[in-house]
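Observations on chain architecture
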Amino acid sequence: MNKRTIAWGLAALLWGAAQAAPVVSDQDPAWVRDAVATLAAKGLVEGYPDGTFKGDRAASRWEVAMIVARLLARMEQEHATFATKAELEELRKLTDALREELDALGVRVQNLDENVGRLDKRVTDLERIQFYGSIETRVGAQGVHNVGSPAQGTVFNYQAAVGTAEGASGPIQPPSPLAGSPWGPPTLGVFPVADLALGRPMTSGSTFTSKAILGIQANVSEDVSAGLELASYISMGDRFVDAYYGVQAPYLSNPFLGTLGAGAGPQGLNNQPFTRLTLDNFWVEHKPSHTNLRLGSFSDTRFDRSIYKTRRSPNTTNFTTPFFFGGEEPGLDSYGARLRGDVVLNDDLTMQYEGMGTFLPQSLNPITGTSYRSHAYGANVALLFDEERGKARLNFLRAGDEAINGAPLQTGLIFTPNQFLSWVNPNGFYRTQLGAGPQVGGVGSSTDIRPISQTLPVDGDTGLPGFPIYGGVGPQRQDSFGLDFRYALDNEVGPRFTGQVAHTNYRPNQFSTYTTDGTAWRLAVDASLLDQTLDLAAEYLYVDPRFDPYLTEYSETGIGLVKLRVPFFDQLPSLDALHDSRLLPFNRQGFRTSARYWFSEKGQIKVQYGRLTQVATSVPDVRFSASSLAPGTPDVTVFGYSPGFIDLTFSPVSRQTFAGAGANTLGGAPLENYRGIVNELEVDGAQAFDLDEERQVKLSGIFLRYNYFRDSHLSSLVPGAAGIAGENLNYLDATYQGFLGRVDYDVTRDFSMYVAYTKIDLFGHFDSSGVYSPFAVASGNPRYPILDITQHAPELGGSWDIDENVSVNALGRLLFNIDNVDPRVLAAPNVAQVNVFLPPQTGTHPFSWNAWQVLSTVNVKL
């Protein structure tokens, strides 16, 4: 007999008795009558021993007392209880009302009181523990097929690559002579297969993923509560489709968050299938002091975003359209320990504090097969004052790399800077300057004192674009300090002031003496006017290029385009900064402003505009010709930035920029030094129309345009092919623009549908690797369009709230990717290669493809 059956049976029995005999009379206290009324209408489940209630014979009060006693005895024997403490209280009231009858029957009310007391304690203990949970399951499929150029000889095969990891920016497959090189513009001159609205790679396959959360919360005492969550994750579909478009995995099962080195952890989908149950988090809270300690995963911190934010998720998570354009991307949890609390100092002053330590992702080194275990820890303290209208906060964070599982700490395991950021060793750290010995032990040693460890027998301190991978940074360390504040005036208009100032000190190799510092700050103000129907905001920011260069790499392997940060392009596809690089973009200064107008109760339009320029131009601060410092120092050309410089859009200028400057052609002043400019424009709006009290139709849309521009006139300054090739690289005029229109319709109160259409255009001239230089020289035109992609994406979806605990949503999308670049652009003109470190020009246009996607998610709350 379960507890619910007993409770309902008792209530029903009392109701039947009440109908046949006056169990209580008008002379009984009101609370006794209320107790009977509360239990009166629940249906007969258990009556007399023979299972009946004796027809229409009236039950006396002593019969009811006997039934009450029998039920209590049985409940005690079977360790059962009522469903709620409130029902137990009703029973206690009835036993008190029947005390005289129970005494007359020789039933010791004291025993009943003891039984009820024990039951009361048991109910109280049970109510101290609460269980909750959820199950999220996603199924779907997607397919991609080529509709443009099929192939070109044996170099590559579009037909075979589209829909695979190769075509989505993975390594080119044999038997191509370019096997192992990443698929993309630097190698082939064509953009990989990617959803340009989501910024995610597209591959063919199916997805079946499920995540279940079981939580337990216990009130240990009046002052202390605690809880934990178990997380189960199943991945049974295609590895990449599951990772990018399935349910987002918990931290300990997430393919993007682990270090994939030997013994580094369980992350990394093997899809055979992948199934895992983990203890996701545990927490304890002291209520009087508002102190909370959490161990395991946590999704938020109190750090200002200039110092630390959670990693952006490569998984789409919420796969509907609203966040495609500039919205807040879903985040990945942090994992470690977090302690926070509040202290009320007086009626108008509260202190908030937090300490945090978390692991950071770090990918596997492709050559050594090892990596680092990266982490960050720090604290922040804030004061809230003036009725919490004001807040000032101090932040400190230290991030660093350490060895995995007690292995020796090795140098140079992070290669990304040499591949994409053009980091090179500064003067004083060249192999020939340091001499032979352990101080130049190379990648994998524990003694190399150079900021960037090298493994070549030559000096190797070069950062030429396209040069083979041979070295990197690490183990890194960075200290970040910051102050942020906000204050709102006490009136309807505001204004509200916010700001941040932050400073970082970065050491690319803990064994080296080299460090670099960077500073960022931002001031913003916003106000509400015209009866709060018009919101205005403006900000000015400054971020130097050496602010927060600490590198964390996503761990998923097989696709180089982990995520494309459209439309901002503020991060490399495989990297993420510690700070919010959308709020404070690298190497930028300038203003942003916005205005939102509510033209009706359910209608508004918003316009945002920003103009940012480079703080430091793209002229490399390290540039030496071979043997230019002294005989044999260095012994290869050095051209790039000293470690720490980050600008993810405006790449280093061409070496031809320094032609004719003297014997050391890289050491003189540049012939041109243009500053890059970013113009940002977004316009969005929405209007809802009520159909009835519970249903509406909503129209929404957004248009955006981001333009990146850097001028060049190098072809007029350097004669011949060299000047044209140099301008081809220096000149940049690329635009990302698009619009989204969407209609949401509530078919019923619980079922809604939407239809949406997205159009993206990515076009302009952007050749940071000089891959198009032969065509520029052959055509005499260094400003031709290299990118000219149009992507259309109609979409239909809907959601159904089956009840308050179960919901289903689904969508279907089509993608039409059209490559408009002239096929002659990479027709392999018979011109000598300008950059000898790049592979032969083998690309061909158009690289066009179509795709379809169907996804459905079921959410169940427990």
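Since the structure is predicted, the reported quantities are computational estimates derived from the model, not experimental observations.

1. Remarks on the overall build of the protein chain
Helix and strand counts for the protein chain stand at 14 helices and 32 strands. A total of 862 residues make up the protein chain; the buried ones form 52% of that total. For the protein chain, the accessible area works out to roughly 35200 Å², and carbon and sulfur atoms hold 58% of it.

2. A closer look at the environment of N509
With respect to the secondary-structure elements, N509 resides in the loop between β17 (496–507) and β18 (516–529). With relative accessibility at 0%, the residue N509 sits in the buried group. With 59 residues separating them in the primary sequence, N509 and R450 have C-alpha atoms 7.2 Å apart.

3. Some remarks on the nonpolar core
Residues W183, Y244, L397, W423, F847 and W849 are the most contacted members of the largest nonpolar core, which totals 97 residues. Ignoring sequence-local partners within four residues, the contact set of L397 consists of F303, I307, Y308, M356, A376, Y377, G378, Q478, D479, S480 and L578.

4. Brief notes about the packing of aromatic side chains
Counted by the stated rule, this structure contains 22 aromatic pairs. Aromatic side chains F396 and F481 sit 5.3 Å apart centroid to centroid with 45° between the ring planes, which places their arrangement in the tilted category. With F396 in strand β13 (residues 390–402) and F481 in strand β16 (residues 477–488), this residue pair connects regions lying 85 residues apart in the sequence. Classification of F396 by relative accessible area gives partly exposed; the value is 29%. When its relative accessible area of 42% is taken as the criterion, F481 is described as partly exposed. Residues F739 and Y757 carry aromatic rings whose centres are separated by 5.8 Å and whose planes lie at 55° to one another, so their mutual orientation is tilted. One end of the pair, F739, is in strand β28 (residues 732–746); the other, Y757, is in strand β29 (residues 751–765), and 18 residues separate them in sequence. An aromatic cluster of three or more residues is present, and its members are W521, Y540 and Y542.

5. Digging into the pattern of salt bridges
One pass over the full model with this rule turns up 35 salt bridges. The partner of E354 in a salt bridge is R340, and the shortest N-O contact between them spans 2.9 Å. Of this pair, E354 sits in strand β11 (residues 349–360) while R340 sits in strand β10 (residues 334–346); the two residues are 14 residues apart in sequence, bridging distant segments of the chain. What makes E354 buried here is its relative accessible area of 2%. Salt-bridge contacts for R588 lead to D647; the nearest nitrogen and oxygen are separated by 3.0 Å. On the criterion of sequence distance, the pair formed by R588 in strand β22 (residues 588–600) and D647 in the loop between β25 (638–640) and β26 (677–690) is long-range, its members being 59 residues apart.

6. Points about a nonpolar patch on the surface
A surface patch of nonpolar side chains, about 990 Å² in accessible area, is lined by L394, L483, F485, L489, F497, V501, W521, L523, V525, Y540, F591 and Y609. Contributions of two or more residues to the nonpolar patch are made by β16, β17 and β18. The element that contributes the greatest number of residues to the nonpolar patch is β18, accounting for three residues. By the element assignment, L394 lies in strand β13. Its relative accessible area of 55% is what places L394 among the exposed residues.

7. So, empty space enclosed by the protein
Leftover empty space is mapped by rolling, across the atoms, a probe with the size of a water molecule. A complete count under the given rule lists eight cavities of 30 Å³ or more for this structure. As a volume, the second largest cavity reaches approximately 140 Å³. Along the walls of the second largest cavity sit 16 residues, with F568, F569, D570, P585 and R588 positioned nearest its centre. If you list the elements that add at least two residues to the lining of the second largest cavity, you get β22 and β26. In the lining of the second largest cavity, the residues fall into eight nonpolar, two polar and six charged.

8. A word on the pairing of β22
With 10 bridges joining them, strand β19 (residues 534–543) and β22 adopt antiparallel strand pairing. Residue pairing across strands places Y540 opposite F591, the latter belonging to β22. As defined by bridge partners, β22 adjoins strand β23 (residues 603–614) across 12 bridges and the pair is classed as antiparallel. Of the residues in β23, the one forming a bridge with Q589 is T613. Here β22 folds back onto β23 in antiparallel fashion, the turn holding two residues.

9. Side note on the environment of R276
Note on placement: R276 falls in strand β8 (residues 274–286). Using a relative accessible area of 29% as the deciding quantity, one classes R276 as partly exposed. Along the chain, R276 and S253 lie 23 residues apart, while their C-alpha atoms are 6.8 Å from each other. A polar contact is formed between the side chain of R276 and the backbone oxygen of L252, at a distance of 3.4 Å.

10. Here's the deal with the pairing of β26
Both β23 and β26 contribute to a ladder of 11 bridges, which runs antiparallel. Counted as the bridge partner of R611 is N679 from β26. Where β26 lies against strand β27 (residues 696–710), 14 bridges are found, and the strand directions are antiparallel. The partner of I677 across the bridge, within β27, is F709. Between β26 and β27, which follow one another and run antiparallel, lie five residues.

11. Remarks on the side chain of S453
On the secondary structure map, S453 appears in strand β14 (residues 453–454). For S453, a relative accessible area of 0% translates into the label buried.

12. Describing unusual backbone geometry
That bond from G474 to P475 is cis: its omega, -5°, falls within 30 degrees of zero. Note that P475 resides in the loop between β15 (471–472) and β16. Residue P567 follows V566 across a cis peptide bond; omega there is -5°. Mapped onto the fold, P567 is located in the loop between β20 (552–553) and β21 (575–576). The phi angle at S422 is positive, at roughly 60°, despite the residue not being glycine. When you line up the elements, S422 lands in the loop between α10 (416–421) and α11 (431–434). For Q532, which is not glycine, the phi torsion reads 60° and is therefore positive. Relative to the elements of secondary structure, Q532 occurs in the loop between β18 and β19.

13. Some points on helix α13 (residues 720–730)
Most of α13 sits inside the fold, with eight of its 11 residues counted as buried. Here α13 has its buried residues at G723, I724, A725, G726, E727, N728, L729 and N730.

14. Here we look at the environment of G143
For G143, the location among the structural elements is in strand β1 (residues 129–146). Along the backbone, G143 and L814 are 671 residues apart, and their C-alpha atoms lie at a distance of 9.8 Å. With sequence-adjacent residues up to four places away left out, G143 is seen in contact with S204, N850, A851 and W852.

15. Focus on the side chain of S225
Examined against the element boundaries, S225 turns out to sit in strand β7 (residues 224–235). On the basis of relative accessibility, which here comes to 3%, the residue S225 falls in the buried class. Contacts of S225, omitting those with residues within four sequence positions, involve A218, N219, V220, W283, V284, E285 and K287.

16. Quick notes on the confidence of the model for the protein chain
Averaged over every residue, the pLDDT of the protein chain is 80; the share at 70 or more is 76%. The model gives residues 260–270 a pLDDT under 50, and that stretch makes 37 contacts with residues more than four places away or in other chains. The low-confidence segment residues 458–469, where pLDDT is below 50, has 49 contacts with residues more than four positions distant or belonging to other chains.

Conventions we followed
Residues numbered from 1 in each chain as written. Predicted model: local features only at pLDDT ≥ 70, side-chain atom pairs only at ≥ 80, totals over all residues. Heavy atoms only, no water. Helix = DSSP H or I, 4+ residues; strand = E, 2+ residues; numbered from the N terminus. Buried < 20%, exposed > 50% of the residue type's maximum accessible area, 1.4 Å probe, protein only. Areas by Shrake-Rupley, 256 points an atom, 1.4 Å probe, with all protein chains shown as cover. Core = buried A, V, L, I, M, F, W, Y, C linked by side-chain atoms within 4.5 Å. Contact = heavy atoms within 4.5 Å. Phe/Tyr/Trp six-rings, centres within 6.5 Å; stacked < 30°, edge-to-face > 60°. Salt bridge = Lys/Arg side-chain N within 4 Å of Asp/Glu carboxyl O. Patch = residues over 30% accessible without salt bridge, like charges linked within 9 Å, V, L, I, M, F, W, Y side chains within 5 Å. 1 Å grid on protein atoms, 1.4 Å probe; cavity = no way out; pocket = protein on both sides within 12 Å on 5 of 7 lines; lining within 4 Å. Points joined across faces, edges and corners; volume = space filled by probe spheres on them. Nonpolar A, V, L, I, M, F, W, Y, C, P; charged D, E, K, R; others polar. Pairing = 2+ DSSP bridges. Polar contact = N/O pair within 3.5 Å; in protein donor to acceptor, adjacent residues only side chain to side chain. pLDDT = per-residue confidence, 0-100.

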